[in-house]
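What follows is each chain in one-letter form.
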Amino acid sequence: MAKEKKRKAAEEAVDGDDYIEREDKKPKKQKLILASQIKNKEKRSAVYAKLKHEKRVEKRKKIKARDAASKQALELGEEPPEKMVPRTIENTRELDETVCRPDDEELFAGNDADEFSAVLKQQTAPKVLITTCRFNSSRGPAFIKELLSVIPNAQYYKRGTYELKKIVEYAKNKEFTSIIVVHTNRREPDALLLIGLPDGPTAHFRLSNLVLRKDIKNHGNPTSHEPELVLNNFTTRLGHRVGRMIQSLFPQVPNFRGRRVVTFHNQRDFIFFRHHRYVFEVKEKKEGLKDKKSKASQGKTEKKAIARLQECGPRFTLKLVSLQHGTFDTKGGEFEWVHKADMDTSRRRFFI
Amino acid sequence: MQNDDVIWDIIRHHHCSYMAKIQTGNFCRNPYNVTGICNRSSCPLANSRYATIRDHDGIFYLYMKTIERAHMPNKLWERVKLPKNYMKALEIIDKHLEYWPKLLVHKIKQRLTKMTQYRIRMVKLSKKVREKIMTVPRKEVKRESRREEKALRAAQIENVIEKELLERLNKGVYPDICNYDEEIFNKLLDKNKEEEQEEEEEEAEVEYVEGDYELEEELEDDIEDMGDFLKANNFDDIEGDEDDLEEQPTRKKVKKASVSYPLKQDDGTEKVRRKDKKVIVEVERDEDIGNRQHNVM
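What counts and how
- Residues numbered from 1 in each chain as written.
- Chains lettered and ligands numbered in written order.
- Predicted model: local features only at pLDDT ≥ 70, side-chain atom pairs only at ≥ 80, totals over all residues.
- Heavy atoms only, no water.
- UniProt positions renumbered as here; feature names shortened; annotations may be inferred.
- Helix = DSSP H or I, 4+ residues; strand = E, 2+ residues; numbered from the N terminus.
- Buried < 20%, exposed > 50% of the residue type's maximum accessible area, 1.4 Å probe, protein only.
- Contact = heavy atoms within 4.5 Å.
- Areas by Shrake-Rupley, 256 points an atom, 1.4 Å probe, with all protein chains shown as cover.
- Patch = residues over 30% accessible without salt bridge, like charges linked within 9 Å, V, L, I, M, F, W, Y side chains within 5 Å.
- Salt bridge = Lys/Arg side-chain N within 4 Å of Asp/Glu carboxyl O.
- Lys, Arg positive; Asp, Glu negative; His and termini not counted.
- Charge placed at Lys NZ, Arg CZ, Asp CG, Glu CD.
- pLDDT = per-residue confidence, 0-100.
- Pairing = 2+ DSSP bridges.
- Axes fitted to C-alpha atoms, helices over the stretch in contact; angles between N-to-C directions.
- Polar contact = N/O pair within 3.5 Å; in protein donor to acceptor, adjacent residues only side chain to side chain.
- Right-handed = clockwise from strand over helix to strand, strands pointing away.
- 1 Å grid on protein atoms, 1.4 Å probe; cavity = no way out; pocket = protein on both sides within 12 Å on 5 of 7 lines; lining within 4 Å.
- Points joined across faces, edges and corners; volume = space filled by probe spheres on them.
- Nonpolar A, V, L, I, M, F, W, Y, C, P; charged D, E, K, R; others polar.
- Core = buried A, V, L, I, M, F, W, Y, C linked by side-chain atoms within 4.5 Å.
- Parallel < 35°, antiparallel > 145°, perpendicular 65-115°, else oblique.
- Left-handed = near helix turned anticlockwise from the far one by under 90°.

- Chain B is annotated in an unreviewed UniProt entry as Protein MAK16 homolog from Rhynchospora pubera.
- Listed in UniProt under the heading Subcellular location (unreviewed entry), the comment for chain B reads: "Nucleus".
- The record in UniProt for chain B states the following under Sequence similarities (unreviewed entry): "Belongs to the MAK16 family."

- Chain A carries the name Ribosome production factor 1 in an unreviewed UniProt entry, which gives Rhynchospora pubera as its organism.

Right under this line is the structure:
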């Protein structure tokens, strides 16, 4: 405090022109003591609590003002002031030129010519071979059992010590359309290898956050009807390709009576897998609750249709590690996309 | 002067830096040792005439040391390249070590055998496909798990799925899904065709009747039971009575029943069955019902 006073005195003596400015600055300099600079804990916490309270009050005032303004605008029949949209990572995602556009001719042509078109156009029924890595343990078999119940027309073969390339040949001979290899590491399923046949692309996913059916509360039991597929947010070219690959695992004619839906939801390059049974219901919603004071429009019930979900089956997340052009060949294959550490540097850049 | 015995004495009883003592015996770490055991006859330092086979990049070399070169450590070991063919290598060994002690030659041939065998095994193994274990730095693992959590929270999966399903319902993707309320059902039909509006009003009337229906149900219970009981004996009387008493409302009830029968499968199956019986009894409105169902499809 003494030093500040001296400084004040010095400044007063020096300049006449900047006098007014300095005067304004001086009281600010005196008042600005951060709550974190107070050494006494009780006093410090009291000051901080007061600060927080003030901030909260201010925030509430702002919100109220905003709401009142919009309400007023509505009542007057004018346009309400623009609603503020919070900034999210999805909003501020880096511009990606490979995002598929709905009118892209090239994309559709590509789709016709790609490896999955046979299955997706229902010329062949999908037939899936599930196997594991050489050493399978603990949660692996349980997970595979559940996968078998999710994917219709899937078969499990024990791995033995066969080389993967030999397995691919074997599957080709038996006319499978895709192979799924579940890889276990430290007694937990760790990675999923999706090989399309014949000469389909090979996608290597990292598996995480696996929750088995028995660990889900109030889980449902899936039936054997063909499920419906929901593929969300596969926007870029790469995403589109991966989406089609996943689509080719399932039969293209879902049985709606079974009311089973399998979802692959892509968010920030993580593909979340969910398996639900759904039911449509009617929910009564009372309109005009807010105008309790106005006697009109009371007891007006509006019925809305809602969908209710019951989760059944496993729950896991996938992250694409690499996509290779032909069937499994790590040494000589041509990789379309490989995840490199370089790609993680920006928080707003996603590839699928 | 080289005196092997003295050297051996010193090495064995005092200290040899190549000696490794294990539970099962003494081993020699000297790379020029033929057998690998710390022995008077196998020690390369304590034998002035000695030979070994060593492996360099998959090629075997025969190394020989003689007492004439003992004073020139730089030029001590003479090296001969051995061919990959086992038999030819044996011949070459025989040629070079012709006048050497038999024990040493024997040991060298044994070593050659062992080395060829493990060379074959190594080549086989390298051709086999093995999984390579790659480690991921912990920082990356943690980063990924953090990002995954945040992505999960941002995704709001259940809401998105529900929205998607409702959208599909509204688009009419589901032709024969059968478990939603008929009023919503009607709304959907409204959106497509206006003809349904008239029937909707009739439906409203049916709703009004519904209350009576519930009351009558209790009566029906008894009547039905009686009906069942009497079916065993007499067929016509009571059923006829039922028809007369409840003809008017049943007509519409039947209509409603026919519509809701396929829809409300889950709750009150007993009710459904009763309605079913009603449908069978009343024949009049069948055509309309049939029509209606076609419209629905």
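## Brief notes about the overall build of chain A
No. 1: A tally of helices and strands in chain A yields eight helices and 11 strands.
No. 2: In chain A, buried positions account for 35% of the 352 residues.
No. 3: Looking at chain A alone, contacts between residues at least 24 apart form 65% of all its contacts between residues at least 6 apart.
No. 4: Surface summary for chain A: the accessible area is close to 22,900 Å², and the carbon and sulfur share equals 51%.

## With respect to a positive patch on the surface
No. 1: Taken together, A:R347, B:R138, B:K142, B:R146 and B:K150 make up a surface patch of like positive charges.
No. 2: With respect to the secondary-structure elements, B:K150 resides in helix α4 (residues 138-155).
No. 3: Here B:K150 falls in the partly exposed class, since its relative accessible area comes to 46%.

## What about the confidence of the model for chain B?
Low-pLDDT stretches of the model should not have their predicted coordinates read in fine detail.
Residue and element names in this part refer to chain B.
No. 1: This prediction gives chain B a mean pLDDT of 74; 59% of its residues lie at or above 70.
No. 2: By mean pLDDT, helix α9 (residues 247-263) is the weakest element of chain B at 41, and strand β4 (residues 59-65) is the strongest at 96.
No. 3: In the model, residues 234-279 has pLDDT below 50 throughout and makes 56 contacts with residues more than four positions away in sequence or in other chains.
No. 4: Interface confidence for the predicted complex, expressed as ipTM, amounts to 0.78; the pTM equals 0.65.

## Points about the sheet that holds strand β3 (residues 50-56) of chain B
All names here are of chain B.
No. 1: The three strands lie next to each other as β3-β4-β5, forming an open sheet whose pairing is antiparallel. Every other strand in the sheet has two partners, leaving β3 and β5 (77-81) as the edge strands with one partner each. In this sheet, neighbouring strand axes are inclined to one another by 30° on average, regardless of whether the strands run parallel or antiparallel.
No. 2: Summarising the sheet, β4 and β5 pair through five bridges and their orientation is antiparallel. Along β5, the bridge assignment pairs K65 with W77.
No. 3: Of the strands in this sheet, β3, β4 and β5 are in contact with helix α2 (residues 86-96), which crosses β4 at around 10°.
No. 4: Running at roughly 10° to β3, helix α3 (residues 102-127) makes contact with β3 and β4 of the sheet.

## Brief notes about the interface of chain A and chain B
No. 1: On the side of chain B, 34 residues touch chain A, which itself brings 40 residues to the contact.
No. 2: Taken together, chain A and chain B are joined by five salt bridges.
No. 3: Where B:R168 meets A:E228, a salt bridge forms, and the shortest distance between an N and an O atom there is 2.7 Å.
No. 4: Scanning the region where chain A abuts chain B turns up 10 residue pairs in polar contact (both at pLDDT 80 or more).
No. 5: For the side of chain A that touches chain B, the elements supplying multiple residues, two or more each, are β5 (202-211), β6 (228-232), β7 (260-267), β8 (270-287), β9 (300-311) and β10 (315-324) of chain A.
No. 6: Broken down by element, the side of chain A that touches chain B gets its largest block of residues, eight residues, from β8(A).

## Observations concerning the side chain of A:T177
No. 1: Along the polypeptide, A:T177 turns up in the loop between α7 (164-173) and β3 (178-185).
No. 2: Not counting residues up to four positions away in its chain, the partners in contact with A:T177 are A:V119, A:A125, A:P126, A:K127, A:I195, A:G196 and A:L197.

## Observations regarding the pairing of β6(A)
No. 1: Burial of β6(A) is extensive: four of the five residues sit out of reach of the surface.
No. 2: Crossover connection from β6(A) via helix α8 (residues 237-247) of chain A to parallel β7(A): handedness left-handed.

## Things to note about the environment of B:N39
Residues and elements named next belong to chain B.
No. 1: The residue N39 is located in the loop between β2 (25-28) and β3 in this model.
No. 2: With a relative accessible area of 34%, N39 lands in the partly exposed category.
No. 3: Linking N39 and F27, residues 12 residues apart in sequence, is a C-alpha distance of 8.4 Å.

## Let's talk about empty space enclosed by the protein
Residues and elements named next belong to chain A.
No. 1: Scanning the entire structure with this criterion turns up six cavities of 30 Å³ or more.
No. 2: Computed from the structure, the largest cavity encloses a volume of approximately 120 Å³.
No. 3: Every residue lining the largest cavity is counted, 14 residues in all, and those nearest its centre are L192, L249, F264, F316 and L318.
No. 4: Of all the secondary-structure elements, those providing two or more residues to the lining of the largest cavity are α6 (139-150), β4 (188-196) and β10.
No. 5: Residue classes in the lining of the largest cavity are distributed as 14 nonpolar, no polar and no charged.

## A short note on the nonpolar core
No. 1: A:F143, A:I180, A:F205, A:F250 and A:F264 are the most contacted members of the largest nonpolar core, which has 39 residues in total.
No. 2: Setting aside anything within four residues of it in sequence, one finds A:F143 in contact with A:V182, A:P189, A:L192, A:L207, A:L210, A:L212 and A:F316.
No. 3: By size, the runner-up hydrophobic cluster in this structure holds 19 residues, among which are B:I53, B:F60, B:L62 and B:A89.

## Notes on the packing of α2(B) against α3(B)
Residue and element names in this part refer to chain B.
No. 1: Running from amino to carboxyl end, α2 crosses α3 at an angle of 160°, the nearest separation of the two axes being 11 Å. Accordingly, the angle class assigned to the pair α2 and α3 is roughly antiparallel. Between α2 and α3 the crossing geometry is right-handed. Every residue of α3 that contacts α2 at Y86, A89, L90, I93 and D94 is listed here: V105, I108, K109, L112, T113 and T116.
No. 2: Across the contact of α2 with α3, the residue classes tally to seven nonpolar, two polar and two charged.

## Concerning the confidence of the model for chain A
No. 1: Here chain A averages 85 in pLDDT, while 87% of its residues score no lower than 70.
No. 2: Taken element by element, chain A is modelled with least confidence in helix α2 (residues 19-31) of chain A, mean pLDDT 54, and with most confidence in β10(A), mean pLDDT 95.

## With respect to the pattern of salt bridges
All names here are of chain A.
No. 1: Across all of its chains, the model carries 20 salt bridges over all chains by this definition.
No. 2: Between E90 and R268 there is a salt bridge, with its nearest N and O atoms 2.8 Å apart. On the criterion of sequence distance, the pair formed by E90 in the loop between α3 (41-76) and α4 (105-113) and R268 in the loop between β7 and β8 is long-range, its members being 178 residues apart.
No. 3: Here R268 falls in the buried class, since its relative accessible area comes to 17%.

## Some details on the packing of α4(A) against α8(A)
When two helices pack together, their arrangement is given by the angle between the helix axes and the distance between those axes.
Residue and element names in this part refer to chain A.
No. 1: One way to put it is that α4 packs onto α8 with a least axis distance of 12 Å and a crossing angle of 30°. As far as their axial angle goes, α8 and α4 are roughly parallel. Two packed elements cross with a definite hand, and for α4 against α8 that hand is right-handed. Across the interface between the two elements, E106, L107 and N111 of α4 pack against R237, H240 and R244 of α8.
No. 2: Tallied by class, the residues present in the contact of α4 with α8 amount to one nonpolar, two polar and three charged.

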